[in-house]
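Summary of the model geometry
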Amino acid sequence: MAEPDVIVIGAGVVGLSAAIAAVGRGLSVTVLDREGPAAGASAGNAGAFAFTDILPLASPGILRKAPKWLLDPLGPLTVPPAYALKIAPWMFRFWRACQPGRVAHSTAAQTSLMDLSKAELEPFLKETGTASMLRKEGNLQVYEGEAEFKASLAGWKPREDHGIEFHHLDAAAMSGIQPGLAARFTHGTFTPGWYSIADPKLYTLALADHFRTIGGRVERAEVTALRPVDGGVDVLTADGEIRRAAQVVLSAGAFSHRIARTIGESIPLETERGYNTTLPAGAFDLRTQITFGGHGFVVTRLSTGIRVGGAVELGGLDLPPNFHRSEAMLKKAQAFLPGLKPEGGVQWMGFRPSLPDSLPAIGRARATPRVVYAFGHGHLGLTQSAGTARIVADLLTGRQPAIDIASFSPQRF
(Lines give C-alpha, C1' and ligand atoms only; values in the text may rest on other atoms or scores of the structure.)
Protein backbone atom coordinates (compact mmCIF):
# COMPACT_ATOMS: atom_id res chain seq x y z
CA MET A 1 0.00 0.00 0.00
CA ALA A 2 1.39 3.41 -0.97
CA GLU A 3 2.26 5.79 1.84
CA PRO A 4 -0.29 8.59 2.18
CA ASP A 5 0.75 12.21 2.10
CA VAL A 6 -0.97 12.71 5.47
CA ILE A 7 -2.03 10.53 8.38
CA VAL A 8 -4.69 12.10 10.60
CA ILE A 9 -4.85 10.60 14.08
CA GLY A 10 -8.43 10.84 15.32
CA ALA A 11 -11.76 10.25 13.62
CA GLY A 12 -13.79 12.76 15.56
CA VAL A 13 -15.37 15.82 14.00
CA VAL A 14 -12.15 17.86 14.04
CA GLY A 15 -9.96 15.11 12.62
CA LEU A 16 -12.38 14.15 9.86
CA SER A 17 -13.02 17.77 8.93
CA ALA A 18 -9.27 18.35 8.65
CA ALA A 19 -8.89 15.17 6.61
CA ILE A 20 -11.58 16.28 4.15
CA ALA A 21 -10.00 19.72 3.83
CA ALA A 22 -6.60 18.11 3.14
CA VAL A 23 -8.03 15.91 0.37
CA GLY A 24 -9.54 19.09 -1.07
CA ARG A 25 -5.99 20.42 -1.40
CA GLY A 26 -4.94 17.41 -3.45
CA LEU A 27 -3.34 15.35 -0.66
CA SER A 28 -3.83 11.63 -0.09
CA VAL A 29 -5.03 11.05 3.48
CA THR A 30 -5.51 8.15 5.87
CA VAL A 31 -7.34 8.58 9.18
CA LEU A 32 -6.44 6.30 12.09
CA ASP A 33 -8.61 5.98 15.19
CA ARG A 34 -8.54 3.57 18.09
CA GLU A 35 -12.31 2.95 17.88
CA GLY A 36 -13.46 4.34 14.54
CA PRO A 37 -15.45 7.44 13.54
CA ALA A 38 -17.56 9.33 16.10
CA ALA A 39 -16.60 7.10 19.01
CA GLY A 40 -15.68 9.89 21.45
CA ALA A 41 -16.96 13.35 22.34
CA SER A 42 -18.16 13.87 18.76
CA ALA A 43 -20.93 11.34 19.38
CA GLY A 44 -22.53 12.71 22.52
CA ASN A 45 -22.12 16.47 22.54
CA ALA A 46 -24.97 18.98 22.62
CA GLY A 47 -24.88 19.46 18.85
CA ALA A 48 -24.33 23.23 18.92
CA PHE A 49 -22.36 25.52 16.62
CA ALA A 50 -21.90 28.04 19.40
CA PHE A 51 -20.34 30.83 17.36
CA THR A 52 -21.49 33.48 19.80
CA ASP A 53 -19.74 31.72 22.70
CA ILE A 54 -16.59 33.84 22.44
CA LEU A 55 -15.85 34.15 26.16
CA PRO A 56 -13.33 31.61 27.51
CA LEU A 57 -14.35 29.23 30.27
CA ALA A 58 -11.29 30.51 32.14
CA SER A 59 -12.66 33.84 33.39
CA PRO A 60 -13.22 35.83 36.60
CA GLY A 61 -16.88 34.83 36.51
CA ILE A 62 -15.99 31.16 36.81
CA LEU A 63 -13.64 31.93 39.69
CA ARG A 64 -16.55 33.54 41.54
CA LYS A 65 -18.88 30.60 40.94
CA ALA A 66 -16.39 27.74 41.31
CA PRO A 67 -16.18 27.55 45.13
CA LYS A 68 -19.94 27.11 45.45
CA TRP A 69 -20.10 24.65 42.57
CA LEU A 70 -17.21 22.54 43.88
CA LEU A 71 -19.07 21.99 47.16
CA ASP A 72 -21.75 20.07 45.23
CA PRO A 73 -20.39 16.71 43.99
CA LEU A 74 -23.20 16.56 41.43
CA GLY A 75 -23.08 20.24 40.48
CA PRO A 76 -21.90 22.09 37.35
CA LEU A 77 -18.19 21.76 38.23
CA THR A 78 -16.53 19.05 40.26
CA VAL A 79 -13.16 17.45 40.82
CA PRO A 80 -13.31 13.87 42.16
CA PRO A 81 -11.16 13.58 45.31
CA ALA A 82 -9.19 10.74 43.69
CA TYR A 83 -8.06 13.14 40.95
CA ALA A 84 -7.59 16.38 42.87
CA LEU A 85 -3.82 16.14 43.42
CA LYS A 86 -3.11 15.14 39.85
CA ILE A 87 -5.04 18.05 38.37
CA ALA A 88 -3.60 20.70 40.70
CA PRO A 89 -0.97 22.00 38.21
CA TRP A 90 -3.67 22.37 35.52
CA MET A 91 -5.93 24.20 37.95
CA PHE A 92 -3.11 26.61 38.76
CA ARG A 93 -2.68 27.38 35.05
CA PHE A 94 -6.47 27.77 34.76
CA TRP A 95 -6.43 30.26 37.64
CA ARG A 96 -3.69 32.29 35.94
CA ALA A 97 -5.69 32.28 32.68
CA CYS A 98 -8.61 33.88 34.55
CA GLN A 99 -6.71 37.15 35.05
CA PRO A 100 -8.39 40.03 33.16
CA GLY A 101 -5.54 40.69 30.72
CA ARG A 102 -5.31 37.05 29.75
CA VAL A 103 -9.09 36.78 29.42
CA ALA A 104 -9.08 39.72 26.98
CA HIS A 105 -6.36 38.03 24.94
CA SER A 106 -8.16 34.68 24.90
CA THR A 107 -11.45 36.33 23.97
CA ALA A 108 -9.86 38.06 20.96
CA ALA A 109 -8.28 34.80 19.81
CA GLN A 110 -11.48 32.83 20.35
CA THR A 111 -13.44 35.43 18.41
CA SER A 112 -11.13 35.18 15.40
CA LEU A 113 -11.46 31.38 15.30
CA MET A 114 -15.24 31.63 15.74
CA ASP A 115 -15.54 34.07 12.84
CA LEU A 116 -13.47 31.85 10.59
CA SER A 117 -15.39 28.74 11.62
CA LYS A 118 -18.74 30.37 10.93
CA ALA A 119 -17.57 31.58 7.52
CA GLU A 120 -16.27 28.13 6.62
CA LEU A 121 -19.19 26.09 7.97
CA GLU A 122 -21.91 26.33 5.34
CA PRO A 123 -19.55 25.90 2.35
CA PHE A 124 -18.12 22.87 4.16
CA LEU A 125 -21.58 21.41 4.79
CA LYS A 126 -22.49 21.94 1.14
CA GLU A 127 -19.26 20.28 0.00
CA THR A 128 -19.82 17.25 2.24
CA GLY A 129 -23.52 16.83 1.45
CA THR A 130 -24.58 17.52 5.03
CA ALA A 131 -26.22 20.96 4.66
CA SER A 132 -29.67 19.52 5.37
CA MET A 133 -28.52 18.66 8.90
CA LEU A 134 -27.97 22.31 9.87
CA ARG A 135 -30.55 24.00 12.09
CA LYS A 136 -30.81 27.70 12.87
CA GLU A 137 -33.04 27.66 15.92
CA GLY A 138 -31.00 29.87 18.24
CA ASN A 139 -30.25 29.53 21.92
CA LEU A 140 -32.14 30.75 24.97
CA GLN A 141 -30.08 31.44 28.08
CA VAL A 142 -32.37 31.61 31.11
CA TYR A 143 -31.91 33.26 34.50
CA GLU A 144 -33.52 32.80 37.90
CA GLY A 145 -34.35 36.30 39.03
CA GLU A 146 -33.15 39.84 38.50
CA ALA A 147 -29.82 39.36 40.30
CA GLU A 148 -28.66 36.46 38.11
CA PHE A 149 -29.71 38.31 34.96
CA LYS A 150 -27.84 41.48 35.96
CA ALA A 151 -24.75 39.44 36.80
CA SER A 152 -24.76 38.12 33.23
CA LEU A 153 -24.72 41.51 31.54
CA ALA A 154 -20.96 41.98 31.71
CA GLY A 155 -20.56 38.84 29.63
CA TRP A 156 -22.85 40.19 26.91
CA LYS A 157 -20.86 43.41 26.46
CA PRO A 158 -17.99 41.77 24.46
CA ARG A 159 -20.57 40.09 22.25
CA GLU A 160 -22.30 43.40 21.67
CA ASP A 161 -18.95 45.02 20.83
CA HIS A 162 -18.37 42.31 18.23
CA GLY A 163 -21.77 42.81 16.62
CA ILE A 164 -23.32 39.56 17.83
CA GLU A 165 -27.11 39.77 17.83
CA PHE A 166 -28.95 38.96 21.05
CA HIS A 167 -32.18 39.99 22.76
CA HIS A 168 -32.82 40.26 26.50
CA LEU A 169 -36.31 39.00 27.36
CA ASP A 170 -38.80 38.95 30.19
CA ALA A 171 -40.80 35.85 31.10
CA ALA A 172 -43.64 36.62 28.68
CA ALA A 173 -41.27 37.11 25.74
CA MET A 174 -39.41 33.91 26.64
CA SER A 175 -42.64 31.92 26.57
CA GLY A 176 -43.25 33.14 23.04
CA ILE A 177 -39.96 31.51 21.97
CA GLN A 178 -40.09 28.50 24.28
CA PRO A 179 -43.33 27.64 26.09
CA GLY A 180 -43.23 25.45 29.16
CA LEU A 181 -40.46 27.01 31.25
CA ALA A 182 -40.87 26.97 35.00
CA ALA A 183 -41.92 30.28 36.56
CA ARG A 184 -38.62 30.50 38.46
CA PHE A 185 -36.99 31.70 35.22
CA THR A 186 -37.88 35.36 35.06
CA HIS A 187 -35.35 36.63 32.49
CA GLY A 188 -33.58 35.31 29.44
CA THR A 189 -31.33 36.17 26.52
CA PHE A 190 -32.04 34.81 23.06
CA THR A 191 -29.19 34.48 20.55
CA PRO A 192 -30.54 33.77 17.05
CA GLY A 193 -27.09 33.20 15.52
CA TRP A 194 -26.55 30.02 17.55
CA TYR A 195 -26.80 27.07 15.13
CA SER A 196 -27.05 23.34 15.78
CA ILE A 197 -26.72 20.05 13.93
CA ALA A 198 -29.49 17.47 13.66
CA ASP A 199 -27.37 14.89 15.49
CA PRO A 200 -23.62 15.18 16.14
CA LYS A 201 -22.92 11.46 15.85
CA LEU A 202 -24.81 11.09 12.57
CA TYR A 203 -23.07 14.22 11.27
CA THR A 204 -19.61 12.87 12.10
CA LEU A 205 -20.45 9.50 10.54
CA ALA A 206 -21.65 11.33 7.42
CA LEU A 207 -18.31 13.14 7.26
CA ALA A 208 -16.54 9.77 7.44
CA ASP A 209 -18.68 8.46 4.56
CA HIS A 210 -17.95 11.53 2.47
CA PHE A 211 -14.23 11.27 3.21
CA ARG A 212 -14.24 7.71 1.89
CA THR A 213 -16.12 8.71 -1.27
CA ILE A 214 -13.44 11.30 -2.13
CA GLY A 215 -10.65 8.76 -1.77
CA GLY A 216 -9.77 8.87 1.92
CA ARG A 217 -9.15 5.83 4.07
CA VAL A 218 -10.39 5.32 7.64
CA GLU A 219 -8.76 2.53 9.62
CA ARG A 220 -8.93 1.34 13.21
CA ALA A 221 -5.57 1.50 14.94
CA GLU A 222 -4.49 2.68 18.37
CA VAL A 223 -1.61 5.07 17.88
CA THR A 224 0.94 4.90 20.70
CA ALA A 225 3.82 7.05 19.48
CA LEU A 226 5.22 9.27 16.76
CA ARG A 227 8.79 9.20 15.47
CA PRO A 228 10.21 11.82 13.09
CA VAL A 229 12.29 10.35 10.27
CA ASP A 230 13.95 11.76 7.19
CA GLY A 231 11.25 13.02 4.89
CA GLY A 232 8.33 12.07 7.10
CA VAL A 233 6.91 10.73 10.35
CA ASP A 234 6.53 7.16 11.55
CA VAL A 235 3.28 6.40 13.36
CA LEU A 236 3.60 3.49 15.79
CA THR A 237 0.52 1.50 16.80
CA ALA A 238 -0.38 -0.76 19.70
CA ASP A 239 -0.17 -3.88 17.54
CA GLY A 240 3.44 -3.15 16.61
CA GLU A 241 2.71 -1.80 13.15
CA ILE A 242 4.58 1.23 11.81
CA ARG A 243 2.85 3.56 9.37
CA ARG A 244 4.65 6.37 7.59
CA ALA A 245 3.46 9.58 6.00
CA ALA A 246 5.06 12.81 4.86
CA GLN A 247 2.97 14.69 7.46
CA VAL A 248 0.81 13.83 10.48
CA VAL A 249 -2.13 15.67 12.01
CA LEU A 250 -2.63 14.87 15.68
CA SER A 251 -6.31 15.31 16.48
CA ALA A 252 -6.98 12.55 18.97
CA GLY A 253 -9.07 14.57 21.40
CA ALA A 254 -8.43 13.93 25.07
CA PHE A 255 -5.73 11.36 24.25
CA SER A 256 -3.66 13.76 22.14
CA HIS A 257 -1.24 14.86 24.86
CA ARG A 258 -0.16 11.27 25.49
CA ILE A 259 0.87 10.91 21.86
CA ALA A 260 2.51 14.35 21.76
CA ARG A 261 4.61 13.35 24.75
CA THR A 262 6.34 10.68 22.62
CA ILE A 263 8.02 13.42 20.58
CA GLY A 264 9.03 15.41 23.62
CA GLU A 265 6.09 17.82 23.82
CA SER A 266 4.48 18.42 27.22
CA ILE A 267 1.04 19.98 26.71
CA PRO A 268 -1.23 20.51 29.75
CA LEU A 269 -4.34 18.88 28.33
CA GLU A 270 -6.99 17.79 30.78
CA THR A 271 -10.25 15.95 30.43
CA GLU A 272 -13.62 17.53 31.07
CA ARG A 273 -15.84 14.53 31.47
CA GLY A 274 -19.26 15.47 30.09
CA TYR A 275 -22.49 13.64 30.92
CA ASN A 276 -25.91 13.55 29.32
CA THR A 277 -29.17 11.69 28.94
CA THR A 278 -30.88 11.48 25.56
CA LEU A 279 -34.65 11.11 25.86
CA PRO A 280 -37.07 10.03 23.11
CA ALA A 281 -37.98 12.70 20.56
CA GLY A 282 -41.45 13.28 22.05
CA ALA A 283 -40.17 13.97 25.57
CA PHE A 284 -40.75 17.73 25.28
CA ASP A 285 -41.86 20.33 22.75
CA LEU A 286 -38.43 21.94 22.48
CA ARG A 287 -38.17 24.78 19.97
CA THR A 288 -34.70 26.17 20.70
CA GLN A 289 -31.67 25.04 22.65
CA ILE A 290 -32.00 26.13 26.29
CA THR A 291 -28.96 26.90 28.44
CA PHE A 292 -29.40 26.74 32.21
CA GLY A 293 -26.16 28.60 32.85
CA GLY A 294 -26.49 28.76 36.61
CA HIS A 295 -26.67 24.98 36.66
CA GLY A 296 -24.14 24.22 33.91
CA PHE A 297 -26.23 22.25 31.45
CA VAL A 298 -28.28 22.56 28.26
CA VAL A 299 -31.32 20.90 26.73
CA THR A 300 -31.12 20.34 22.99
CA ARG A 301 -33.53 19.06 20.35
CA LEU A 302 -31.86 16.50 18.09
CA SER A 303 -33.32 14.47 15.26
CA THR A 304 -32.79 11.43 17.51
CA GLY A 305 -34.27 12.83 20.73
CA ILE A 306 -34.03 15.44 23.47
CA ARG A 307 -30.55 15.66 25.01
CA VAL A 308 -30.06 16.89 28.57
CA GLY A 309 -26.39 17.32 29.36
CA GLY A 310 -23.32 19.33 30.14
CA ALA A 311 -21.48 20.19 33.36
CA VAL A 312 -17.77 19.70 33.97
CA GLU A 313 -16.13 16.87 35.87
CA LEU A 314 -12.36 17.27 35.84
CA GLY A 315 -11.59 13.61 36.36
CA GLY A 316 -9.13 12.44 33.71
CA LEU A 317 -9.36 9.46 31.42
CA ASP A 318 -9.21 6.52 33.79
CA LEU A 319 -11.76 6.95 36.60
CA PRO A 320 -15.08 5.11 36.13
CA PRO A 321 -18.11 7.18 35.04
CA ASN A 322 -20.35 8.69 37.70
CA PHE A 323 -23.77 8.55 36.09
CA HIS A 324 -25.33 10.11 39.17
CA ARG A 325 -24.30 13.33 37.39
CA SER A 326 -26.56 12.51 34.43
CA GLU A 327 -29.39 11.68 36.82
CA ALA A 328 -28.94 14.95 38.71
CA MET A 329 -29.16 17.02 35.51
CA LEU A 330 -32.24 15.12 34.34
CA LYS A 331 -33.93 15.68 37.71
CA LYS A 332 -33.25 19.42 37.44
CA ALA A 333 -34.51 19.45 33.84
CA GLN A 334 -37.81 17.95 35.05
CA ALA A 335 -38.18 20.78 37.56
CA PHE A 336 -37.19 23.47 35.05
CA LEU A 337 -39.37 22.09 32.23
CA PRO A 338 -42.44 20.70 34.04
CA GLY A 339 -43.82 19.00 30.93
CA LEU A 340 -40.64 17.00 30.29
CA LYS A 341 -41.16 13.23 30.17
CA PRO A 342 -38.06 11.62 31.77
CA GLU A 343 -38.69 8.01 30.75
CA GLY A 344 -36.69 6.01 28.23
CA GLY A 345 -33.43 7.96 28.38
CA VAL A 346 -29.98 6.71 27.37
CA GLN A 347 -27.02 7.89 29.47
CA TRP A 348 -23.60 8.79 28.09
CA MET A 349 -20.24 10.06 29.29
CA GLY A 350 -17.48 11.42 27.07
CA PHE A 351 -14.13 13.16 27.26
CA ARG A 352 -13.75 16.81 26.25
CA PRO A 353 -10.10 17.77 25.67
CA SER A 354 -9.44 21.04 27.46
CA LEU A 355 -6.48 23.37 27.86
CA PRO A 356 -6.22 25.81 30.78
CA ASP A 357 -6.85 29.00 28.78
CA SER A 358 -9.85 27.54 26.90
CA LEU A 359 -8.08 27.83 23.52
CA PRO A 360 -7.19 24.81 21.38
CA ALA A 361 -3.68 23.82 20.36
CA ILE A 362 -3.37 24.44 16.61
CA GLY A 363 0.08 24.56 15.06
CA ARG A 364 3.25 22.63 14.37
CA ALA A 365 5.06 20.41 16.86
CA ARG A 366 8.32 21.62 18.35
CA ALA A 367 10.13 18.40 17.36
CA THR A 368 9.23 18.53 13.66
CA PRO A 369 7.17 20.80 11.38
CA ARG A 370 5.80 17.65 9.78
CA VAL A 371 3.46 17.10 12.75
CA VAL A 372 0.50 19.48 13.02
CA TYR A 373 -1.54 19.64 16.21
CA ALA A 374 -5.30 20.26 16.20
CA PHE A 375 -6.81 19.38 19.56
CA GLY A 376 -7.95 20.80 22.88
CA HIS A 377 -11.16 22.53 21.78
CA GLY A 378 -13.00 21.75 25.03
CA HIS A 379 -16.74 22.36 24.56
CA LEU A 380 -16.20 23.83 21.08
CA GLY A 381 -14.89 21.01 18.90
CA LEU A 382 -17.98 20.84 16.69
CA THR A 383 -18.27 24.64 16.64
CA GLN A 384 -14.69 25.21 15.55
CA SER A 385 -14.24 22.13 13.37
CA ALA A 386 -14.59 23.79 9.95
CA GLY A 387 -12.33 26.70 10.88
CA THR A 388 -9.71 24.38 12.35
CA ALA A 389 -9.87 22.24 9.20
CA ARG A 390 -9.13 25.30 7.06
CA ILE A 391 -6.10 26.21 9.19
CA VAL A 392 -4.77 22.64 9.19
CA ALA A 393 -5.10 22.41 5.40
CA ASP A 394 -3.22 25.71 5.10
CA LEU A 395 -0.39 24.41 7.28
CA LEU A 396 -0.17 21.10 5.42
CA THR A 397 0.16 22.86 2.08
CA GLY A 398 2.54 25.61 3.16
CA ARG A 399 0.05 28.46 2.96
CA GLN A 400 -0.31 31.33 5.38
CA PRO A 401 -3.15 30.34 7.74
CA ALA A 402 -6.41 32.20 7.24
CA ILE A 403 -6.06 33.85 10.68
CA ASP A 404 -3.19 34.61 13.05
CA ILE A 405 -2.69 31.37 15.00
CA ALA A 406 0.01 32.59 17.40
CA SER A 407 -2.47 32.49 20.32
CA PHE A 408 -3.18 28.81 19.62
CA SER A 409 0.49 27.81 19.61
CA PRO A 410 0.99 24.40 21.25
CA GLN A 411 4.19 25.83 22.78
CA ARG A 412 2.45 28.74 24.59
CA PHE A 413 2.47 27.06 27.99
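Structure: see above.
Here the structure is a predicted model, which means the values were calculated and not measured.

Calculation notes
Residues numbered from 1 in each chain as written. Predicted model: local features only at pLDDT ≥ 70, side-chain atom pairs only at ≥ 80, totals over all residues. Heavy atoms only, no water. Pairing = 2+ DSSP bridges. Helix = DSSP H or I, 4+ residues; strand = E, 2+ residues; numbered from the N terminus. Axes fitted to C-alpha atoms, helices over the stretch in contact; angles between N-to-C directions. Contact = heavy atoms within 4.5 Å. Buried < 20%, exposed > 50% of the residue type's maximum accessible area, 1.4 Å probe, protein only.

**Topic: the sheet that holds strand E11 (residues 223-229)**
In spatial order, the strands read E11-E12-E13; together these 3 strands make up an open sheet with antiparallel pairing. Both outer strands of the open sheet, E11 and strand E13 (242-245), are each paired with one neighbouring strand and no more. Strand-to-strand twist in this sheet, taken as the mean axis angle between neighbours without regard to direction, amounts to 25°. Pairing geometry for strand E12 (residues 232-237) and E13, over 4 bridges, is antiparallel. Considered in E13, the bridge of Val 235 is made with Arg 243.

**Regarding the side chain of Gln 178**
By the secondary structure assignment, Gln 178 is in the loop between helix H7 (171-177) and strand E8 (187-191). The residues touching Gln 178, leaving out its near neighbours within four places in the chain, are Leu 140, Phe 284, Asp 285, Leu 286, Arg 287, Thr 288 and Ile 290.

**Some points on the sheet that holds strand E21 (residues 371-375)**
Spatially, 6 strands are ordered E10-E2-E1-E14-E21-E20 in an open sheet, and the strand pairing comes out mixed. Edge positions in the sheet fall to strand E10 (217-220) and strand E20 (361-364), since each of these pairs with one other strand and no more. For this sheet, the mean inter-axis angle between neighbouring strands, taken without regard to orientation, is 15°. Taken together, the 4 bridges between E20 and E21 define a ladder with antiparallel strand orientation. Bridge assignment links Gly 363 to a residue of E21, and that residue is Tyr 373. Helix H11 (residues 385-396) contacts strand E1 (6-9), strand E14 (247-250), E20 and E21 of the sheet and is inclined by roughly 175° relative to E21.

**So, the pairing of strand E6 (residues 139-143)**
Burial analysis of E6 places 5 of its 5 residues in the buried class, the great majority of the element. Of the two faces of E6, the one holding Asn 139, Gln 141 and Tyr 143 and the one holding Leu 140 and Val 142 are both buried throughout. Bridge count between E6 and E8: 5 bridges; the pairing is antiparallel. The residue bridging Val 142 from the neighbouring strand is Gly 188, located in E8. With 3 bridges joining them, E6 and strand E16 (residues 289-292) adopt parallel strand pairing. Counted as the bridge partner of Leu 140 is Ile 290 from E16.

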